[in-house]
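Architecture and fold: a report
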Amino acid sequence: MGEATAIILAAGKGTRMRSPLPKVLHTVCGFTLLECVVNAVREAGISQIVVVVGDKGDIVRESLQGLSVTITEQREQLGTAHAVMCARPVLAGGSDTVVVLNGDTPLIKPQTVRDLIAANSGANADVTMLSAHLERPKGYGRVSRDAQGRIKGIVEESEASAEEVKINEINVGMYGFKGASLLAGLDAIVPHNKKGEYYLTDIISIFYRSGKRVEGIVVTDTSEVLGINTQRELAEVNQIRRNEILRSLMDRGVIIADTTSAFIENCVQIGEGTKIYPFTYIGKNVVIGRRCRIGPFAYVQPGARIGDGAEVRNMAEFEKAGGFSQDYG
């Protein structure tokens, strides 16, 4: 697919979360929102990953320790295009494709990122944007198309006409750019509001008017592109991811006695024939062998290793006994 770079925007304040923690550092099944996006991009085959930090950047930087990413800072919150501009020094080295994603979409799949890159390369497009169809698109920017069905721009809901508000195809804020086209397009974006902000969405209409090739692909599973702005939305996304994990484990022969009370975080490996009893919580990066019994009322801390045929009942008993070992079996 050629050389590709990913830019992950993680500079927003996330005021609607009503939390002292930066939005991208809230967690979904044990991983931060930002870590979920970084992992998806890396699994898609992109090795050069740029994370743009801003609000409480030191905390976000610290959370990325150990991950192979380049961090750049957006010192002033001047919009999404300005955030991408902050990554310009990295892009100056040249890259065939640049993928831009938001750091608060933790359910995005590596295959979708690969599809976006392949679609842009296959069409030799200047940009390919990801969109979705929603029954209730309130709050999202609408995808505007011309009479031939070509994408001509993105209309923010606050600026949409009565007819445009009825459009149910929405922009999800993920793009695959031809590297050189992105750099040229950024130079053409101008601020057009009182805050002096630069919006990346403007690049679509700029490209359309200048005759550049704008393409789009529609994501079929809309849960992949759910962004998180509130604690309610965070809880909903956690539930979706939790269900994905449970289904995947059951498909591999793990017995879940009660799916409503089993909580299993990301990157957990469990062997065939192991039974998970009700009210059990298993932390991230745990490895459990085959034919084990886990629970009920058990807590297995992140990183624990449990051998074949082991029984782990109430982990509180281990703590009371004077320590929590990470190796069982």
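Structure: above.
Now for a description of the structure that goes with this document. (Residues numbered from 1 in each chain as written. Predicted model: local features only at pLDDT ≥ 70, side-chain atom pairs only at ≥ 80, totals over all residues. Heavy atoms only, no water.)

1. Notes on the overall build of the protein chain
Check the secondary structure of the protein chain and you find ten helices and 22 strands. In terms of C-alpha radius of gyration, the protein chain reaches 22 Å, essentially the compact-globule figure of 20 Å for 329 residues. Along the three orthogonal principal directions, the C-alpha set of the protein chain runs to about 70 × 40 × 40 Å. Looking at the protein chain as a whole, 48% of its 329 residues qualify as buried. In the structure as shown, the protein chain presents an accessible area of about 15800 Å², 48% of it carried by carbon and sulfur atoms. Each charge sign in the protein chain was given a centre, from 37 positive and 38 negative side chains, and these centres are 2 Å apart. (Helix = DSSP H or I, 4+ residues; strand = E, 2+ residues; numbered from the N terminus. Rg over C-alpha atoms; globule rule 2.2 N^0.38 Å. Buried < 20%, exposed > 50% of the residue type's maximum accessible area, 1.4 Å probe, protein only. Areas by Shrake-Rupley, 256 points an atom, 1.4 Å probe, with all protein chains shown as cover. Lys, Arg positive; Asp, Glu negative; His and termini not counted. Charge placed at Lys NZ, Arg CZ, Asp CG, Glu CD.)

2. Some details on helix α7 (residues 179–188)
For α7, every residue scored as buried is listed here: Gly-179, Ser-181, Leu-182, Gly-185 and Leu-186. Within α7, the buried residues cover an arc of 155° as seen down the axis, which keeps them to one side. Exposed and facing more than 90 degrees away from the buried side of α7 are Ala-180 and Asp-187. Here the buried face of α7 lies against α3 (80–85), α4 (88–91), β6 (97–102), β10 (169–178) and α8 (202–209). (Arc of directions from axis to C-beta. Contact = heavy atoms within 4.5 Å.)

3. Quick look at the sheet that holds strand β15 (residues 275–276)
Either a parallel or an antiparallel arrangement is found when strands of a sheet pair, and the pairing is made through backbone hydrogen bonds. Strand order across the open sheet formed by four strands is β12-β15-β18-β21, with parallel pairing between neighbours. Edge positions in the sheet fall to β12 (255–256) and β21 (311–312), since each has one partner strand and no second. Direction of pairing for β12 relative to β15: parallel, over a ladder of two bridges. Bridge assignment links Ile-255 to a residue of β15, and that residue is Lys-275. (Pairing = 2+ DSSP bridges.)

4. Examining the packing of aromatic side chains
In this structure the tally under the stated criterion is five aromatic pairs. On the basis of an interplanar angle of 10° and a centroid distance of 6.0 Å, the ring pair of Phe-263 and Tyr-281 is categorised as stacked. With Phe-263 in strand β13 (residues 262–264) and Tyr-281 in strand β16 (residues 280–282), this pair connects stretches of sequence that are 18 residues apart. Between Tyr-281 and Tyr-299, the ring centres sit 6.1 Å apart and the planes meet at 45°, which makes this aromatic pair tilted. With a gap of 18 residues between them, Tyr-281 in strand β16 and Tyr-299 in strand β19 (residues 299–300) connect regions that are remote in the sequence. Given the relative accessible area of 32%, Tyr-281 is considered partly exposed. (Phe/Tyr/Trp six-rings, centres within 6.5 Å; stacked < 30°, edge-to-face > 60°.)

5. Some words on α8
Taking burial as the measure, the eight residues of α8 include six buried ones, the bulk of the element. Along α8, the positions that sit buried rather than exposed are Asp-202, Ile-203, Ile-204, Ser-205, Ile-206 and Phe-207. Each element contacted by the buried residues of α8 is listed here: β7 (127–133), β9 (151–155), β10, α7 and β11 (214–218). Within two residues after α8, Gly-211 carries a phi angle of roughly 85°, on the positive side.

6. A closer look at the pairing of strand β1 (residues 4–10)
With seven of its seven residues buried, β1 lies for the most part within the structure. Of the two faces of β1, the one holding Ala-4, Ala-6, Ile-8 and Ala-10 and the one holding Thr-5, Ile-7 and Leu-9 are both buried throughout. Direction of pairing for β1 relative to β6: parallel, over a ladder of six bridges. Within β6, the position partnered with Thr-5 by the bridge is Val-98. Pairing geometry for β1 and strand β4 (residues 48–53), over six bridges, is parallel. In the strand pairing of β4, Ala-10 is matched with Val-53.

7. Brief notes about the nonpolar core
Judged by nonpolar contacts, the single largest core of 33 residues is most densely connected at Ile-8, Leu-34, Ile-46, Val-51 and Leu-101. Those elements giving two or more residues to this core turn out to be β1, α1 (33–43), β4, β6, α5 (110–122), β7 and β10. It is α1 that contributes the most residues to this core, five residues altogether. Each residue touching Leu-34, except ones within four places of it in the same chain, is listed here: Ile-8, Ala-10, Val-24, Val-51, Val-60, Leu-64 and Gly-103. Within the second largest apolar cluster, 29 residues are counted, among which are Val-28, Leu-33, Leu-234 and Val-286. (Core = buried A, V, L, I, M, F, W, Y, C linked by side-chain atoms within 4.5 Å.)

8. Notes on the pattern of salt bridges
Should the charged atoms of two oppositely charged side chains come close, the side chains can pair. Following the criterion strictly, the structure yields ten salt bridges and no others. Lys-109 is paired through a salt bridge with Glu-244; the nearest N and O atoms lie 3.2 Å apart. Taken as a pair, Lys-109 in the loop between β6 and α5 and Glu-244 in helix α9 (residues 231–251) lie far apart in primary sequence, 135 residues in all. Residue Arg-145 is joined to Glu-169 by a salt bridge in which the shortest nitrogen-to-oxygen separation is 3.0 Å. Placement of Arg-145 in strand β8 (residues 142–145) and of Glu-169 in strand β10 is noted, with a sequence separation of 24 residues between them. (Salt bridge = Lys/Arg side-chain N within 4 Å of Asp/Glu carboxyl O.)

Keep in mind these values describe shape, not function.
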